[in-house]
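Each chain, written out:
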Amino acid sequence: MKRRAKRLLNDLDQEIREHIELATQENIDRGMPPEEARHAALRKFGNVTRAKEDAREVWSTVWLEELRQDIRFGLRQLRQSPAFTTVVILTLALGIGANTAIYSFMESILLRSLPVADPESLVVLNWHSQPPEDGNKEWVHVMHSVSGLAWKGDNGAMVSGMFPYGAFETLREENPVFSTLFGYFNGRKRNLAVRGQATSASAEYVTGEYFRGLAVSPVAGRLIDSGDDRPGAAPVAVVSFGTSQNRFGGPPNAIGQSILVDNIPFTVIGVAPPEFFGVDPAAAPDLYLPLHTNLLVDGAGAARMYGDGNYYWIEMMGRLRPGVSMAQAQAVLAPRFHQWVATTATIDGERAKLPALMLNPGAAGLGSLRRKYSKPLFVLLTMVALILAIACANIANLLLARAAARRREMAVRLSLGAGRFRVVRQLLTESVMLASLGGALGVLFAIWGMGSLTFLLSNGQENFTLHAELNWNVLGVTAALSVVCGLLFGLAPAIQSTRPDVMSALKNGRGGGPHRRAQHVLVVAQIAFSFLILVAAGLFVQTLNKLHSVQLGYARENILLFSLNARQAGHRDPEIATFYTELRKRFESIPGVSSATLSHSSIISAERAGRTYRGPMKIGAFTFVGAGVLVAGPRFLTTMQIPILAGREIDDRDQAGSTPVAVISERLARTYFGNENPVGRRITFLDEKRDLEIVGVSANLQYGGLKEESPMTVFVAISQFSPDRVTYALRTAGDPLRYVQSVYEIVREADPGIPVTNVVTQVAEIDRTISQEVTFAKLCTGFAVLALLIACVGLYGTMSYNVAQQIGEIGIRMALGAQGRAVVWMVLRRVLILAAVGLAISVPAALSASQLVKSFLFETQPNDPGTLALAGVVLLSAAILAGYAPARRASRIDPLAALRHE
Amino acid sequence: MSTKKESERIELLQGTLDLLILRTLVLGPQHGHAIAKAIEFRSDEVLQVEQGSLYPALHRLIKRGWIFVEDGTSENNRRAKFYRLTARGRKQLAHETSKWEKLAGAIARILRPTEGRE
């Protein structure tokens, strides 16, 4: 076909020449002079170039040409009804934009690969075992101590990526399935001093094979290799591209620089490439240090990590040799690991549940982000998909109504011989055009949505690493979505309006039953979907309300929080305690600060952050666990406005050398002392064999996160526990952030080598812990409003159309004496029936679907009857509102005019 | 060169050209110039083909499978392309002709509604 066309076109020149010559010859034969004969022939032939172009077009662009016609015609159609076009494009843009925004987040979390060579051949090493607690809640497991995270796998199993160093060495030896096996260990926040300027930087300890295994090349200098990673090697560091720019003024300047990491000198040897962020998308280390340098940075205690086969801390990834599958690697390595780990078990209980090695794909890096965000994002994606479905149904509905109006046009075109396919194609072109315009505008909405979603999700977290972007993948999906939507909402109306019963359409020009039925189905679907979203929004708002109404028991407003780590800047016991105490006094002397205190962490994150005591305690004969310990400085209760019910709070009298003291919360006092006064009695921290004298009783407070059941609280003196990192709290007059500058100045004066970190108000610190709930409540409320709005427009459109269809019938009724009210009721009844059918379908669906979001709810039942009822009432009211205008219009029909119209 | 006055000539309606080409080829394969001449001649030179538009039309008909092209020799003994009707083309011609007749009849009735009474 192609070749035939080419030959025909190639020969066309020759053919036309022949043609003109023949014509000229004929003219000459008729007696014209040759020159004139040729002119006449040429004139008669017309434009040669255009003939050739037209011929070419026949072959190459027939469908393109028709498409251009269709588009031009479509544009004219759309311009003719600007209101319709605007509504459709806006609804679609919102729907597609929301989907694009959520999808871009999913893409960034679930689908994006690490920016390294051949990520597909990377595997992550994990293990799983039965839960460590036995029937008596005692810890029986070969994992005696751990630095890192374990999480729940299937069937309550414990899953983790932490291994003892011995396991790493064993698996690394003569590995037949991995070309490289490398390890890494979260180095957490470190004090990084460059040319005397100290800031907080996140560090990653990596083994010598790390960069080789990931196949990363430096942008400057060289990367850490095996020679750097052994005890006694010269301490070297690789910095991230961002750090090289922010701290050294560009990658080349960083090489060879001396830096201090927690006061230990290192030499920068290289800079990682800009796109590289390590192996965990949830983290972006500023600093890569050879694993064994933790012996220098973390002190002699770190030596134990290398020898102890029951200490789980190092994480591993491997690169498969070419041709080796993950399953094969698993089959080779699992027995080897099993053999090794069996030697670390000391008792039968441990032997009964040895960890089993499990390989996972490593192309996308570690799964912490996926575990945290994939479920929330799936819930959100479901919702925006529902919204898009509502929008599509709505547009299909509007198009149906319009198709009815255009039936005459279609009938004329069909009877003039236009192919039905051609007309359907024309209509589909129109809807795909609408969808494309909606999609294009949707991308703008998406950009805005991604920005605000990032803002909502990060909620002020420093180094929030979830970065969604509009890459080709996302844009491609958006484009596909637009086209599919266009076809989806365009197909039914297009087929409807080109049905071959041309004659009847020509005769009366009014839509019949099938139209209305299709419209009703669509409206019912919209109502059903809207109800689902309303219920979800109701549940999430309810959850947020419950969270906000949790009694904190301490001050929320007018508190400034910030953290310091003096130990990382070289301060040691006992001087460090004096240092922190002196600072507190200086903060308290800032004008406008009524009191200052310090603790091992903010109250809201006390159970997770910082070092504190988490073991069993004993009062008299009672041993118990689960009381929350807060390591607090002087005036803590005063600053946090926690009432002192008996005795005193911790103050400057409590020194490292004096009697260890504790203040207990009222609930603890009531539980173990009844009505006796606990002041003067003792409480024992069993694991540390530490005896404390109870000197006071505080009112109850919400220790730890809002969602946790508030445990009993024990305050102990910071001077007697001496944590590394402390969080100061300042009670301020007016906006707490106004005092940040003074804080920086005081700290710089005291020791310029200590960076101030996590500067935040108490309010923001608390809100940060419920950012997901806030996000869900806000987003879903927005979604619900949107869904309701779109559904109401659909309902309004349908009812208006129905009324217009029934003008004659209504006119007759009114002529026969029907009251306006009866007519209103006639229309509203139909609205209510539609809404009721929608609800009847949706309520069971909502009941089962809400179970899926159960884990997102707080003190709210997924089938909360109040929420269901409220959603129903809101929906019905909205439906009545949408239906009232058409109903009223119907009741005002002039019977005479209506009958004449008929 | 022409026996008719310019004013009596009728520009071809879009799409009609296809029909006329098919009709011309019923008599046997022809080359481009001959087709143009035949149309003019057979319409008493009332219908004037813009000859240039003949070729795109021919290509269109080839594409639809209604005619096909073969090599031959023209009257002045040169190699030329001859166009020949296919079976499908013949069928199409019949279909189009009857449609055209209906349309023409209808239009005629509309334009001269009183003809019968006169």
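Owing to the predicted nature of the structure, the values given are computational and were not obtained by experimental measurement.

It is worth spelling out the overall build of chain A at this point. Counting secondary structure elements, chain A contains 30 helices and 26 strands. At 37 Å, chain A has a C-alpha radius of gyration far larger than the 29 Å of a compact globule built from 902 residues. Each of the three principal axes of chain A carries a C-alpha extent, and together these read 125 × 85 × 60 Å. Here chain A holds 902 residues, and the buried ones make up 52% of them. Long-range contacts, defined as pairs at least 24 residues apart, comprise 80% of the intrachain contacts of chain A with a sequence gap of at least 6.

Time to look at the overall build of chain B. Helix and strand counts for chain B stand at four helices and four strands. Reading chain B from its N terminus to its C terminus gives the helix and strand order β-α-α-β-α-β-β-α. The buried share among the 118 residues of chain B stands at 38%. A separation of at least 24 residues holds for 53% of the contacts in chain B among residues at least 6 apart in sequence. Looking at chain B as shown, the accessible area adds up to about 7,400 Å², and 53% of this sits on carbon and sulfur atoms.

This next bit is on the packing of helix 2 (residues 32–42) of chain B against helix 3 (residues 54–64) of chain B. All names here are of chain B. Contact pair helix 2 / helix 3: the axes reach a minimum separation of 11 Å and the direction vectors enclose 105°. By the angle between their axes, helix 2 is roughly perpendicular relative to helix 3. Where helix 2 approaches helix 3, its residues Gly-32, His-33, Ile-35 and Ala-36 are matched on the opposing element by Leu-54, Tyr-55 and Leu-58. Split by residue class, the contact of helix 2 with helix 3 holds five nonpolar, two polar and no charged.

Now for the interface of chain A and chain B. Between chain A and chain B, the contact holds 27 residues from the first and 25 residues from the second. Regarding the contact of chain A and chain B, the summed buried area is about 2,500 Å², with carbon and sulfur atoms giving 58% of it. Between the two partners, chain A and chain B, sit four salt bridges. One salt bridge in this structure joins A:Glu26 and B:Lys37, with 2.4 Å as the shortest N-O distance.

It is worth spelling out a nonpolar patch on the surface at this point. All names here are of chain B. A grouping of Trp-100, Leu-103, Ile-107, Ile-110 and Leu-111 is seen on the molecular surface, where their side chains present a nonpolar patch of about 530 Å² in accessible area. Assignment of secondary structure puts Ile-107 in helix 4 (residues 87–111). Here Ile-107 falls in the partly exposed class, since its relative accessible area comes to 40%.

The subject of this paragraph is the pairing of strand 10 (residues 264–271) of chain A. Residue and element names in this part refer to chain A. Pairing of strand 7 (residues 220–221) with strand 10 involves two bridges; the strand directions are antiparallel. When the sheet's bridge partners are listed, Gly-221 is paired in strand 10 with Gly-270. Bridge analysis of strand 9 (residues 258–261) against strand 10 gives four bridges, and the strand direction is antiparallel. Directly across from Leu-260, in strand 10, lies its bridge partner Pro-265. The antiparallel hairpin formed by strand 9 and strand 10 contains two residues in its connecting segment, where Asp-262 sits at a positive phi of about 50°.

What follows covers the nonpolar core. Residue and element names in this part refer to chain A. In this structure, Ile-533, Phe-540, Tyr-554, Phe-636, Met-640, Ile-642 and Phe-715 are the most contacted members of the largest nonpolar core, which totals 106 residues. The element that contributes the greatest number of residues to this core is helix 26 (residues 771–805), accounting for 15 residues. When neighbours within four sequence positions are excluded, Phe-715 is seen to be in contact with Leu-630, Ala-632, Phe-636, Leu-637, Ile-642, Ile-650, Val-661, Ala-662, Val-663, Ser-698 and Leu-701. Membership of the second largest hydrophobic core comes to 53 residues, among which are Tyr-306, Tyr-311, Met-316 and Ala-329.

Take helix 12 (residues 326–342) of chain A next. Residues and elements named next belong to chain A. For helix 12, spanning 17 residues, the distance from its first C-alpha to its last is 23 Å, which sits close to the expected 24 Å at 1.5 Å a residue. Along helix 12, the largest kink reaches about 25° and is centred on Leu-333; proline Pro-335 follows within four residues of it. Among all positions of helix 12, only Ala-329, Leu-333, Phe-337, Trp-340 and Val-341 are buried. Looking at the packing, one finds that the buried side of helix 12 touches strand 1 (122–129), helix 6 (165–172), strand 5 (178–194), strand 12 (311–312), strand 13 (315–320) and strand 14 (356–361).

What follows deals with the side chain of A:Ser800. By the element assignment, A:Ser800 lies in helix 26. Beyond its immediate chain neighbours, meaning those up to four positions away, A:Ser800 contacts A:Pro886 and A:Arg889.

Time to look at the pattern of salt bridges. Evaluated as defined, the whole model comprises 36 salt bridges over all chains. Between B:Lys81 and A:Asp11 there is a salt bridge; the shortest N-O distance is 2.8 Å. Of the two residues, B:Lys81 sits in strand 4 (residues 79–85) while A:Asp11 sits in helix 1 (residues 2–29), which places them in two different chains. Looking at A:Asp11, the relative accessible area reads 27%, which means it is partly exposed. In this structure, A:Asp308 and A:Arg304 form a salt bridge, with 3.0 Å as the shortest nitrogen-oxygen distance.

With that out of the way, let us pick up the environment of A:Ala494. All names here are of chain A. Looking at where Ala-494 falls in the secondary structure, it is placed in helix 17 (residues 472–497). The buried category is assigned to Ala-494, whose relative accessible area is 1%. Measuring from C-alpha to C-alpha, the distance between Ala-494 and Glu-575 comes to 82 Å, with 81 residues separating the pair along the chain. Excluding residues within four positions of it along the chain, Ala-494 makes contact with Val-424 and Leu-427.

So, about the packing of aromatic side chains. Residues and elements named next belong to chain A. In the structure shown here, the tally under the stated rule is 31 aromatic pairs over all chains. Centroid distance Tyr-306 to Trp-313: 5.4 Å. Interplanar angle 80°. Geometry classified as edge-to-face. Grouping residues by exposure puts Tyr-306 and Trp-313 together as buried. Ring centres of Phe-587 and Tyr-728 lie 4.9 Å apart, and the angle between their planes is 75°; this geometry places the pair in the edge-to-face category. Taken together, the residues span a long stretch of sequence, with Phe-587 in helix 20 (residues 575–588) and Tyr-728 in strand 25 (residues 725–732) at a distance of 141 residues. Among the aromatic side chains, those forming a connected cluster through ring pairs are Tyr-165, Phe-168, Phe-185, Tyr-205, Tyr-306 and Trp-313.

Our next topic: the environment of A:Leu453. Residues and elements named next belong to chain A. Turning to its location among the elements, Leu-453 is positioned in helix 16 (residues 420–458). Judged by relative accessible area, which is 3%, Leu-453 ranks as buried. Here the alpha-carbon distance between Leu-453 and Ala-468, two residues 15 residues apart in the chain, equals 9.5 Å. Sequence-distant contacts of Leu-453, that is, excluding residues within four places in its chain, are made with Ile-102, Phe-105, Thr-775 and Leu-779.

A few words on the confidence of the model for chain B. Residue and element names in this part refer to chain B. Averaged over all residues, the pLDDT of chain B equals 78, while 78% of them reach at least 70. For residues 1–7, every residue scores under 50 in pLDDT, and the model assigns this stretch nine contacts once sequence neighbours within four places are set aside. Here the predicted complex carries an ipTM of 0.82, next to a pTM of 0.71.

Bringing the packing of helix 1 (residues 16–25) of chain B against helix 2 of chain B into the picture now. Residue and element names in this part refer to chain B. Close contact between helix 1 and helix 2 brings their axes to 10 Å; oriented N to C, the two are set at 95°. Comparing the axis directions of helix 1 and helix 2 gives the class roughly perpendicular. Listed contacts from helix 2 to Leu-17, Leu-20, Ile-21, Arg-23, Thr-24 and Leu-25 of helix 1 are Ile-35, Ala-38, Ile-39 and Arg-42. A breakdown of the residues in the contact of helix 1 with helix 2 according to their chemical character gives seven nonpolar, one polar and two charged.

Moving on, we get to the environment of A:Val297. All names here are of chain A. Its location among the elements puts Val-297 in helix 10 (residues 294–297). A sequence separation of 35 residues divides Val-297 from Asp-262, and the C-alpha atoms of the two residues are 6.6 Å apart. Every residue in contact with Val-297, bar those within four places of it in the chain, is listed here: Arg-190, Tyr-205, Val-261, Asp-262, Ile-264 and Phe-266.

Among all residues except glycine, the phi angle is most often negative; among peptide bonds, the trans geometry is most common. Residue and element names in this part refer to chain A. Pro-574 follows Asp-573 through a cis peptide bond whose omega is -5°. Counting through the fold element by element, Pro-574 comes out in the loop between strand 15 (559–565) and helix 20. Even without a glycine there, the phi angle at Asp-262 is positive, about 50°. Within the secondary structure layout, Asp-262 lies in the loop between strand 9 and strand 10. A residue is classified by how much of its surface remains accessible, and Asp-262, at 7% relative accessible area, is buried. Residue Glu-859 is not a glycine yet carries a positive backbone phi of 50°. Position of Glu-859 among the secondary structure elements: in the loop between helix 28 (820–849) and helix 29 (865–891).

Conventions used here
Residues numbered from 1 in each chain as written. Chains lettered and ligands numbered in written order. Predicted model: local features only at pLDDT ≥ 70, side-chain atom pairs only at ≥ 80, totals over all residues. Heavy atoms only, no water. Helix = DSSP H or I, 4+ residues; strand = E, 2+ residues; numbered from the N terminus. Rg over C-alpha atoms; globule rule 2.2 N^0.38 Å. Buried < 20%, exposed > 50% of the residue type's maximum accessible area, 1.4 Å probe, protein only. Contact = heavy atoms within 4.5 Å. Areas by Shrake-Rupley, 256 points an atom, 1.4 Å probe, with all protein chains shown as cover. Axes fitted to C-alpha atoms, helices over the stretch in contact; angles between N-to-C directions. Parallel < 35°, antiparallel > 145°, perpendicular 65-115°, else oblique. Nonpolar A, V, L, I, M, F, W, Y, C, P; charged D, E, K, R; others polar. Buried area = accessible area lost by both parts, 1.4 Å probe. Salt bridge = Lys/Arg side-chain N within 4 Å of Asp/Glu carboxyl O. Patch = residues over 30% accessible without salt bridge, like charges linked within 9 Å, V, L, I, M, F, W, Y side chains within 5 Å. Pairing = 2+ DSSP bridges. Core = buried A, V, L, I, M, F, W, Y, C linked by side-chain atoms within 4.5 Å. Expected span 1.5 Å × (residues − 1). Bend = angle between axes of the 7 residues up to and from the residue. Phe/Tyr/Trp six-rings, centres within 6.5 Å; stacked < 30°, edge-to-face > 60°. pLDDT = per-residue confidence, 0-100.

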